[in-house]
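# Survey of secondary and tertiary structure
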Amino acid sequence: MKLLKALLATALLVGSANSFADDVAPPLQQLQQQWATNNYQLKGGVQEKAFEKLLATADTTLAAYPDDAEILIWHGIINSTYAGVTGGLSAMKYAKIAKKDFEKALKIDDTALQGSAYTSLGVLYFKVPGWPIGFGDDDKAEELLKKALTINPDGIDSNYFYGEFLRDDDQYQQAKPYYEKALAAAPRLGRETADAGRREEINNALADVNKRMK
């Protein structure tokens, strides 16, 4: 259950860029925008079918741009989200695909989308079970999430997911400022749906942290 819930969140990542660059390719925008719609506006069977379609689109897009770090990151995000939506024994299969995507993106350009591959991979490492079931590793996760913060210190996702890492470890007082910084992040042009959904998640996390700190 923890894995599935986390993979949905990983979705990670709504892409950590603060805004669309003027030269962002239309295929990337399509993946980002459709992911946000599916993840935050759809539920149940309708959501699952929408993600099946989006996963196919992501596969086709990656086949056309196999060495594009940004496309690789979003192919990974969509696979990790699909794992959470479908659940069951197949979840780890899609998590492993996402892991490979993020690792390849880091080798090509580790600053792509303001270090989103570090954030996304870090989330996988702290949410996926450890050996022998999966590849989870909290030490590796923290290393990756901190690296993401050095690249994008003011980002909504880089701060939110490090806050999630700390909250998962019951470090509520330490987590709170990262959530607050995530809420203060600048809006991302063209990512209104994703930003709204993420801010709701942040507010829910803050409410939990405040409750636990009383």
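My aim in this report is to walk through the structure given alongside it, one point at a time. (Residues numbered from 1 in each chain as written. Predicted model: local features only at pLDDT ≥ 70, side-chain atom pairs only at ≥ 80, totals over all residues. Heavy atoms only, no water.)

### Let's talk about the overall build of the protein chain
Per the secondary structure count, the protein chain includes 10 helices and 0 strands. Here the protein chain holds 214 residues, and 51% of them are scored as buried. Of the roughly 10000 Å² of accessible surface on the protein chain, a fraction of 51% belongs to carbon and sulfur atoms. (Helix = DSSP H or I, 4+ residues; strand = E, 2+ residues; numbered from the N terminus. Buried < 20%, exposed > 50% of the residue type's maximum accessible area, 1.4 Å probe, protein only. Areas by Shrake-Rupley, 256 points an atom, 1.4 Å probe, with all protein chains shown as cover.)

### Some details on the packing of aromatic side chains
Overall, the coordinates contain 9 aromatic pairs when judged by the stated rule. Centroid distance Trp35 to Trp74: 5.6 Å. Interplanar angle 70 degrees. Geometry classified as edge-to-face. Of this pair, Trp35 sits in helix H2 (residues 26-41) while Trp74 sits in helix H4 (residues 69-86), and the two are 39 residues apart along the sequence. With relative accessibility at 0%, the residue Trp74 sits in the buried group. Residues Tyr162 and Phe165 carry aromatic rings whose centres are separated by 6.0 Å and whose planes lie at 15 degrees to one another, so their mutual orientation is stacked. With Tyr162 and Phe165 both in helix H8 (residues 156-168) and 3 residues apart, this pair spans about one turn of that helix. A cation sits over an aromatic face here: Lys99 above Phe135, 5.4 Å from the ring centre. (Phe/Tyr/Trp six-rings, centres within 6.5 Å; stacked < 30°, edge-to-face > 60°. Lys NZ or Arg CZ within 6 Å of the ring centre and 35° of its normal.)

### Notes on the side chain of Ser80
Relative to the helices and strands, Ser80 is located in helix H4. At 2.8 Å, the side chain of Ser80 forms a polar contact with the backbone oxygen of Ile77. (Polar contact = N/O pair within 3.5 Å; in protein donor to acceptor, adjacent residues only side chain to side chain.)

### Quick notes on the packing of helix H9 (residues 172-183) against helix H10 (residues 192-213)
The geometry of H9 relative to H10 is characterised by a closest axis approach of 10 Å and an angle of 155 degrees between their N-to-C directions. With respect to H10, the element H9 is oriented roughly antiparallel. Crossing hand, H9 versus H10: left-handed. Where H9 abuts H10, its residues Tyr172, Gln173, Lys176, Tyr179, Glu180, Ala182 and Leu183 lie against Arg199, Ile202, Asn203, Ala205, Leu206, Val209, Asn210, Arg212 and Met213. Of the residues assigned to the contact of H9 with H10, the class counts are 9 nonpolar, 3 polar and 4 charged. (Axes fitted to C-alpha atoms, helices over the stretch in contact; angles between N-to-C directions. Parallel < 35°, antiparallel > 145°, perpendicular 65-115°, else oblique. Left-handed = near helix turned anticlockwise from the far one by under 90°. Contact = heavy atoms within 4.5 Å. Nonpolar A, V, L, I, M, F, W, Y, C, P; charged D, E, K, R; others polar.)

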